[in-house]
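This is what each chain is made of:
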Amino acid sequence: MKSKAKQLILSYLVITVASAIYALGFDWCYAPNQIGFGGITGLAQVINAAVPALSIGLLVIILNIPLFFLGWRLLGGHLLLSSLYAMFISSVFVDLMAAFITFKPMDPMLAAIFGGILVGLSLGLIFLQGATTGGTDLAARLLKLRLSWLPMGKLLMGVDLVVIAAAAVAFGNLSSALYGVVSLYISTVVMDMVLYGMDSAKVAYIISQRPEDISKGIFREMDRGVTILHGEGAYSGEEKRVLMCAFKQRQIVPLKHLVKEIDPTAFIIVCDAHEVLGDGFRSYHANEL
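Here the structure is a predicted model, which is why all the values come from computation and not from measurement. What you see as residue numbers is a count from 1 along each chain, following the sequence as written. Owing to the predicted nature of the model, reporting of local features is limited to residues with pLDDT of at least 70; listing and counting of side-chain atom pairs is limited to 80 or more, with chain, interface and lining totals taken over all residues. Heavy atoms throughout the structure, all of them, feed into the side-chain values; hydrogens and water do not.

K.L.:
How do you make sense of the sheet that holds strand β2 (residues 227–232) when you look at a structure like this?
P.N.:
Adjacent strands of a sheet pair through backbone hydrogen bonds, lying either parallel or antiparallel. Taken in spatial order, the four strands line up as β2-β3-β1-β4 in an open sheet, and their pairing is antiparallel. Each edge of the open sheet is held by one strand with a lone partner, namely β2 and β4 (267–273). Each strand axis lies, on average, 25° off the axis of its neighbour in the sheet, ignoring direction. Whether two strands pair depends on DSSP finding at least two bridges between them. Secondary structure elements are defined from DSSP: runs of H or I of at least 4 residues count as helices, runs of E of at least 2 residues count as strands, and each element is numbered from the N terminus. Note: strand β1 (residues 201–207) against strand β3 (residues 239–248), seven bridges, orientation antiparallel. In the strand pairing of β3, Tyr 205 is matched with Met 244. Lines are fitted to the C-alpha atoms to define the axes, a helix being fitted only along its stretch in contact, and any angle between axes, read from their N-to-C directions, falls within 0 to 180 degrees.

K.L.:
Can you walk me through the environment of Tyr 30 in this structure?
P.N.:
Secondary-structure assignment places Tyr 30 in helix α1 (residues 2–30). Judged by relative accessible area, Tyr 30 falls into the buried class, the value being 4%. C-alpha separation for the pair Tyr 30 and Gly 42, spaced 12 residues apart in sequence, amounts to 9.7 Å. Excluding anything up to four places from it in sequence, Tyr 30 contacts Gly 25, Ile 35, Gly 36, Phe 37, Gln 45, Gly 115, Gly 116, Val 119 and Ser 183. Distance and chemistry together define a polar contact, namely a pair of N or O atoms within 3.5 Å, with one atom able to donate a hydrogen and the other to accept it when in protein, and with adjacent residues in sequence counting only for side-chain atoms on both sides. Among the polar contacts listed, one links the side chain of Tyr 30 to the side chain of Ser 183, at a separation of 2.4 Å. Accessibility here uses a 1.4 Å probe with only protein chains present; expressed as a share of the type maximum, an area under 20% marks a residue as buried, one over 50% as exposed, and anything in between as partly exposed. Note on contacts: a residue pair qualifies if any of its non-hydrogen atoms lie within 4.5 Å across the two residues.

Structural data, given as structure tokens:
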């Protein structure tokens with residue numbers, strides 16, 4: 001029970017820090033440079049430009065209410081509560097930072113790059129805790145239920161492009177949208193790196209005349225399992241045993257060295273593995289992205 005409480009406290013602490021990073025990215029890079037921002041925050045940015053009396057943070061909270069009602073039944077209580085907290089605290093941070101710190105405009109490309117990095121990092125951390133910041137983040141999370149094969153960053157990018165186009169119309173500035181697209185792309189890449197990049201892994205397919213020796217070498221030297229696939233040479237018709245082995249990125253050089261030392265004529269194919277679940281890699285969690 002204590003471990004669960006600690007885990008919950010740590011999760012909300014990460015969400016709080018990530019929300020502060022999110023607010024910094026928006027107030028420092030997007031707002032002063034009028035760079036189109038996706039999602040509900042982007043819509044709030046547009047409304048705020050027309051009605052400055054309404055703060056962006058307050059508008060984000062108001063605009064998110066319908067989405068949270070929609071998501072309640074589909075996503076369940078835990079995700080909604082943590083998402084409500086993330087949305088509320090990030091909106092508060094946006095308004096507080098804007099009230100106490102005046103950020104000067106900078107080179108728009110630098111703003112787009114660093115804004116994308118900060119926002120992508122913050123959203124990735126928030127998503128890792130099973131939450132969202134509401135808005136199109138929540139819409140993308142809902143889409144993920146139907147399109148589970150798509151990376152979260154790509155889903156979010158598709159939804160946000162529409163809002164960025166609206167922001168360009170509101171600001172009457174095409175450059176605002178173009179910089180927004182650059183920043184959005186960077187944020188989705190960074191977000192997917194946070195969500196999936198820590199699981200960097202490779203899969204090797206090895207065809208050799210000495211499969212037993214190579215298998216034993218991989219077990220002994222690398223502490224990795226090997227699966228034997230039965231194949232057949234299309235030209236020769238000869239039956240072959242293909243070794244399949246999943247391993248960490250850092251083990252690619254030792255693996256190639258080991259295989260070539262045992263059988264210099266071995267044929268090796270190394271592929272990227274998007275996600276590897278199981279012994280020695282990540283564990284599966286029902287609500288993960």
